[in-house]
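# Observations on chain architecture
Here is how the chains run, residue by residue.
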Amino acid sequence: MERWQNRVAVVTGASSGIGAACAKLLVAAGLQVVGLARRTERLEQLRQSLPADQRQRFHQRSCDVSAESQVNSAFEWIEQQLGGIDVLINNAGILRDGHLLDMPIKDISDVLQTNLMGSIYCTKLAANSMRRRQIAGHLFFINSTAGLAGYNPGPDDPSLNVYTPSKFALTAVHEICRQELITQKLKIKTTSINPGWVSTEIVPDETKTQLGDVILQADDVAQAVLYALSTPPHAQVQEITLRAVGEW
Ligand code: NDP
């Protein structure tokens, strides 16, 4: 991790779950981390929970990734204050329970705006920052096993019926970015992390009860991010699929 010391990582959705776990591990690994989320009080709690000697490497900004103007302002602040972006963890995401055919369009749109468009807004700005500075940066997509198939893997449970299309599209966004970076001869790495169920706030309590201990922890996903980041400059971890032992 030597070459990432004091480099700038942006983590979207850093106020809880996987994003908070990524932020903590990256700060501990020596990076400057900017945590973005809507719940700024949770970002402040995260900062307070860090060891005192690491705290100054954590920066926080209020940002709703589904609003392009807010993403633009946050990234502009990062450019001005920290000089640019070296690592982006596209992590912010939401889930709305219900059937695609019956759900209000507003709910469907919220999921797509956050999970898909939010990642696109951030990826464009981060990639441009890396391209302008000719930096060998790294773009991450916290996707899902739901992003590996265009159908809900659990047919009796509609909780993923809108989430799945958003994540399936993210798989395509990742692959297209990877290809475009090659054609532009840029040394920017891209990695998709596809976890199964993880014990975080996004998962309904009922599902957690059903899964019992067959569930990942947020830190398991953050460790996968750290692994992909730690590979030598010539090697790229394209994707990691991570499931709890015993998960279907
Ligand atoms: P959490 O609910 O704990 O975290 C979601 C994070 O996303 C929060 O920090 C939340 O912050 C942020 N977020 C949501 N909407 C927005 C928005 N519009 N703008 C900015 N931030 C937003 O769940 P997880 O940690 O599990 O989720 C993180 C990612 O992992 C998601 O993309 C999810 O799809 C993915 N994932 C999760 C799995 C699981 O089983 N838990 C499995 C596979 C993938 P705030 O509300 O403060 O804005």
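Residues numbered from 1 in each chain as written. Predicted model: local features only at pLDDT ≥ 70, side-chain atom pairs only at ≥ 80, totals over all residues.

## Thoughts on the environment of Pro153
When you line up the elements, Pro153 lands in the loop between strand 5 (138-142) and helix 5 (163-183). With 14 residues separating them along the chain, Pro153 and Leu139 place their C-alpha atoms 27 Å apart. In this structure Pro153 touches Thr145 and Ala146, once residues within four positions along its chain are discounted. (Helix = DSSP H or I, 4+ residues; strand = E, 2+ residues; numbered from the N terminus. Contact = placed C-beta atoms within 7 Å.)

## Structural notes on the site of the ligand
Of all residues adjacent to the ligand, which total 30 residues, the nearest are Gly13, Gly17, Arg38, Arg39 and Gly93. Sort the elements by how many residues they give to the shell around the ligand and helix 1 (residues 17-28) lands first, with three residues. Per-class residue counts for the shell around the ligand are 13 nonpolar, twelve polar and five charged. (Near = placed C-beta within 6 Å. Nonpolar A, V, L, I, M, F, W, Y, C, P; charged D, E, K, R; others polar.)

## A look at unusual backbone geometry
Positive phi, normally seen in glycine, also occurs at Asn6, with a value near 65 degrees. Tracing the backbone through its elements, the reader meets Asn6 in the segment before strand 1 (8-12). With 10 C-beta atoms packed within 10 Å, Asn6 lands in the exposed category. Positioned with a positive phi, Lys185 is a non-glycine residue whose angle comes to about 55 degrees. Relative to the assigned elements, Lys185 resides in the loop between helix 5 and strand 6 (189-195). (Buried ≥ 20, exposed ≤ 12 C-beta atoms within 10 Å, placed from the backbone.)

## Observations regarding the packing of helix 3 (residues 68-82) against helix 4 (residues 105-133)
Viewed as axis vectors pointing N to C, helix 3 and helix 4 meet at an angle of 25 degrees, and their least axial separation amounts to 10 Å. When the axis of helix 3 is compared with that of helix 4, the two are roughly parallel. Like other packed secondary-structure pairs, helix 3 and helix 4 cross with a definite hand, here right-handed. Contacts from Glu68, Val71, Phe75 and Glu79 of helix 3 reach helix 4 at Tyr121, Cys122, Leu125 and Ser129. When its residues are assigned to classes, the contact of helix 3 with helix 4 shows five nonpolar, one polar and two charged. (Axes fitted to C-alpha atoms, helices over the stretch in contact; angles between N-to-C directions. Parallel < 35°, antiparallel > 145°, perpendicular 65-115°, else oblique. Left-handed = near helix turned anticlockwise from the far one by under 90°.)

## Structural notes on the environment of Trp4
By the secondary structure assignment, Trp4 is in the segment before strand 1. Sequence separation between Trp4 and Gln223 is 219 residues; the distance between their C-alpha atoms is 16 Å. Each residue touching Trp4, except ones within four places of it in the same chain, is listed here: Ala29, Gly30, Leu31 and Leu229.

## Section: the sheet that holds strand 3 (residues 58-62)
In a beta sheet, neighbouring strands are held together by backbone hydrogen bonds and run either parallel or antiparallel to one another. Pairing in this open sheet of seven strands is parallel, and the strands run 3-2-1-4-5-6-7 from one edge to the other. Edge positions in the open sheet fall to strand 3 and strand 7 (239-242), since each of these has one partner strand only. If you compare each strand with its neighbour and ignore which way they point, the axes differ by 15 degrees on average. Sheet topology places strand 1 next to strand 4 (residues 87-90); three bridges connect them, and they run parallel. If you follow Val10 over to strand 4, its bridge partner there is Leu88. Its contacts with the sheet put helix 4 on strand 1, strand 4 and strand 5, and the angle it makes with strand 4 is roughly 175 degrees. Each of strand 5 and strand 6 is contacted by helix 5, which is oriented at about 160 degrees to strand 6, the strand it contacts most. (Pairing = 2+ DSSP bridges.)

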